[in-house]
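One-letter residues, chain by chain:
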Number of protein chains: 2
Amino acid sequence: MEKPAEPRWLTEEEMQAWLALGGVLMWLPSALDAQLQRDAGITHFEYQVLAGLSMSPGGTLRMSELAAFSNGSLSRLSRVVDRLEKRGWVERRPDPDDGRYTLAVLTEAGREKVEQTAPGHVEEVRRLVFDPLTQAQARQLREISRRIGQAIDPDGGWPPTAAP
Amino acid sequence: MEKPAEPRWLTEEEMQAWLALGGVLMWLPSALDAQLQRDAGITHFEYQVLAGLSMSPGGTLRMSELAAFSNGSLSRLSRVVDRLEKRGWVERRPDPDDGRYTLAVLTEAGREKVEQTAPGHVEEVRRLVFDPLTQAQARQLREISRRIGQAIDPDGGWPPTAAP
DNA sequence: AGGTATTACTTGAGCCGTCAAGTAATTTGC
DNA sequence: GCAAATTACTTGACGGCTCAAGTAATACCT
């Protein structure tokens, strides 16, 4: 009736770490969304999309590349780009090299939007994440995050759709 | 035309840490949800609700306490408890001490569900979070998460609705 | 060359969460 | 002791996201 192997429960210390991490997983994205929503009227995901484009040559990326960069599904990106297009920050055009691809291109207004938004956002990341940490802890955070990331996905390609 | 103060940009090291953390923020909740969905057909939030009840005396908590414990809004909890009630794992009843409160009570079936589900979930948390870390890193993770949590919310009460 | 398979994206249906307005029970102020 | 305010929760409207099915362009195979 019982599962045969006794599970390896968490130690007290691990439990505390897990609860604290749980809070961060829950509230950090929410806090970043709140800042961007308040100061720029966009979500964090929309910001990532605009930022991704702004860092690419010509402010241009294929939808699939942009989806990978912004850690979102193609379906989600498609709808987000709809919204950004309606707001005049992005345009879509077919890739002349291969008609299956769609290029997302940052408009001039879009570039202005990112450039106005970035400083406040970086400031918030710094305030919430790096200011409270020592430099050594920031390095530890990098290493710890990498290891957890590795455990979640030994390769590097996660976005939905596993093995066909 | 430019913002007066030059923002304090992130150093290369911070940028790497931020990207790595971003991946964890994005994919760890998703990975945990996937395991629970696959093995138990419930979301991580639903699990937290059931687990919260199972750890309370009599398997009973007021809705508002349960919402605080599970890091969700009351509105969200209300709908989730609807679902759990339909599945026969939770019941609602008015608090006899104060009719404004609603008590959520874990049924026998609900308790069995948590007990069947917990070991696999704990195993997954261990696999994704603690197995890849040294013990010292787990301690660091606790401290780092606490500091970030503190920066997000100096007190301890976040769930929506700020100062009235 | 032509049919099939694959790739890249889009879109309809449905679920889930939020916000704001509504309801019911209790406390407060006079 | 009763009206007004507060508290605890519920619910309708709405938007975003995912899954799966659909569409269009290109690659592959013989």
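Residues numbered from 1 in each chain as written. Chains lettered and ligands numbered in written order. Predicted model: local features only at pLDDT ≥ 70, side-chain atom pairs only at ≥ 80, totals over all residues. Heavy atoms only, no water.

Caption draft 1: Spotlight on the relation of the copies chain B and chain A. Each copy of the sequence occupies a distinct position, and chain B is placed on chain A by a rotation of 180 degrees and an axial shift of 0.0 Å, giving an RMSD of 0.0 Å. As the rotation angle and translation indicate, the two copies are arranged about a two-fold axis. Residues of chain B ranked by C-alpha distance from the rotation axis are headed by B:Leu25, positioned 2.8 Å from it. In this assembly the copies share their binding face: 100% of the residues contributing to the interface of chain B also contribute to that of chain A. (Least-squares fit on C-alpha atoms with pLDDT ≥ 70 in both. Contact = heavy atoms within 4.5 Å.)

Caption draft 2: Inspection of the sheet that holds strand β1 (residues 60–62) of chain A at higher detail. Residues and elements named next belong to chain A. Across the sheet, three strands lie side by side as β1-β3-β2; this open sheet has antiparallel pairing. What marks the edges here is a single partner per strand, and that holds for β1 and β2 (90–94). Here the average twist between neighbouring strands, direction ignored, is 25 degrees. Relative to strand β3 (residues 102–106), β2 runs antiparallel, the two sharing five bridges. When the sheet's bridge partners are listed, Val90 is paired in β3 with Leu106. Strands β1, β2 and β3 of the sheet are contacted by helix α2 (residues 44–54), whose axis makes an angle of about 90 degrees with β3. (Pairing = 2+ DSSP bridges. Helix = DSSP H or I, 4+ residues; strand = E, 2+ residues; numbered from the N terminus. Axes fitted to C-alpha atoms, helices over the stretch in contact; angles between N-to-C directions.)

Caption draft 3: View of the interface of chain B and chain A. Each partner contributes to the interface: chain B provides 57 residues, whereas chain A provides 58 residues. Carbon and sulfur atoms make up 70% of the area that chain B and chain A hide from each other, which totals about 5800 Å². Summed over the shared surface of chain B and chain A, the result is eight salt bridges. Taking the shortest distance from any N to any O, the salt bridge between B:Glu123 and A:Arg8 comes out at 2.8 Å. At the surface where chain B touches chain A, the tally comes to 20 residue pairs in polar contact (both at pLDDT 80 or more). Contributions of two or more residues to the side of chain B that touches chain A are made by α1 (12–40), α5 (108–130) and α6 (135–152) of chain B. Looking at the side of chain B that touches chain A, the element that brings in the most residues is α1(B), giving 17 residues. For the side of chain B that touches chain A, the class distribution of residues is 33 nonpolar, 11 polar and 13 charged. (Buried area = accessible area lost by both parts, 1.4 Å probe. Salt bridge = Lys/Arg side-chain N within 4 Å of Asp/Glu carboxyl O. Polar contact = N/O pair within 3.5 Å; in protein donor to acceptor, adjacent residues only side chain to side chain. Nonpolar A, V, L, I, M, F, W, Y, C, P; charged D, E, K, R; others polar.)

Caption draft 4: Focus on α6(B). Given a rise of 1.5 Å per residue, 18 residues ought to cover 26 Å, and the 26 Å separating the end C-alpha atoms of α6(B) matches this to within 8%. Among the residues of α6(B), those classed as buried are B:Gln137, B:Ala138, B:Leu141, B:Arg142, B:Ile144, B:Ser145, B:Ile148, B:Ala151 and B:Ile152. The inward-facing, buried residues of α6(B) abut α1 (12–40), α5 (108–130) and α6 (135–152) of chain A together with α5 of chain B. (Expected span 1.5 Å × (residues − 1). Buried < 20%, exposed > 50% of the residue type's maximum accessible area, 1.4 Å probe, protein only.)

Caption draft 5: The arrangement of the sheet that holds strand β1 (residues 60–62) of chain B in detail. All names here are of chain B. Strand order across the open sheet formed by three strands is β1-β3-β2, with antiparallel pairing between neighbours. Edge positions in the sheet fall to β1 and β2 (90–94), since each has one partner strand and no second. Pairwise comparison of adjacent strand axes, ignoring direction, gives a mean angle of 25 degrees for this sheet. Lying on the sheet, helix α2 (residues 44–54) is in contact with β1, β2 and β3 (102–106); it crosses β3 at an angle near 90 degrees.

Caption draft 6: Just the protein's contact with DNA strand D, in detail. Near DNA strand D you find 19 residues, and of these A:Arg76, B:Ser64, B:Arg79, B:Arg92 and B:Tyr101 are the closest. Counting only the atoms of DNA strand D within 4 Å of the protein, the fraction contributed by sugar and phosphate is 64%. In the model, a phosphate oxygen of DNA strand D is placed 2.9 Å from a nitrogen or oxygen of the A:Gly99 main chain. One of the side-chain N or O atoms of B:Arg92 is found 2.7 Å from a phosphate oxygen in DNA strand D. In terms of residues, the surface near DNA strand D owes the most to one element, helix α4 (residues 74–86) of chain A, which gives five residues. A class-by-class count of the residues in the surface near DNA strand D yields four nonpolar, seven polar and eight charged. (Near = heavy atom within 4 Å.)

Caption draft 7: How the structure looks around the packing of α1(A) against α1(B). Axis separation between α1(A) and α1(B) bottoms out at 11 Å; the angle between their running directions is 110 degrees. When the axes of α1(A) and α1(B) are compared, the pair comes out roughly perpendicular. Along its contact with α1(A), which presents A:Trp18, A:Leu21, A:Val24, A:Leu25, A:Leu28, A:Pro29 and A:Leu32, the element α1(B) presents B:Trp18, B:Leu21, B:Val24, B:Leu25, B:Leu28, B:Pro29 and B:Leu32. Looking at side-chain class alone, the contact of α1(A) with α1(B) contains 14 nonpolar, no polar and no charged residues. (Parallel < 35°, antiparallel > 145°, perpendicular 65-115°, else oblique.)

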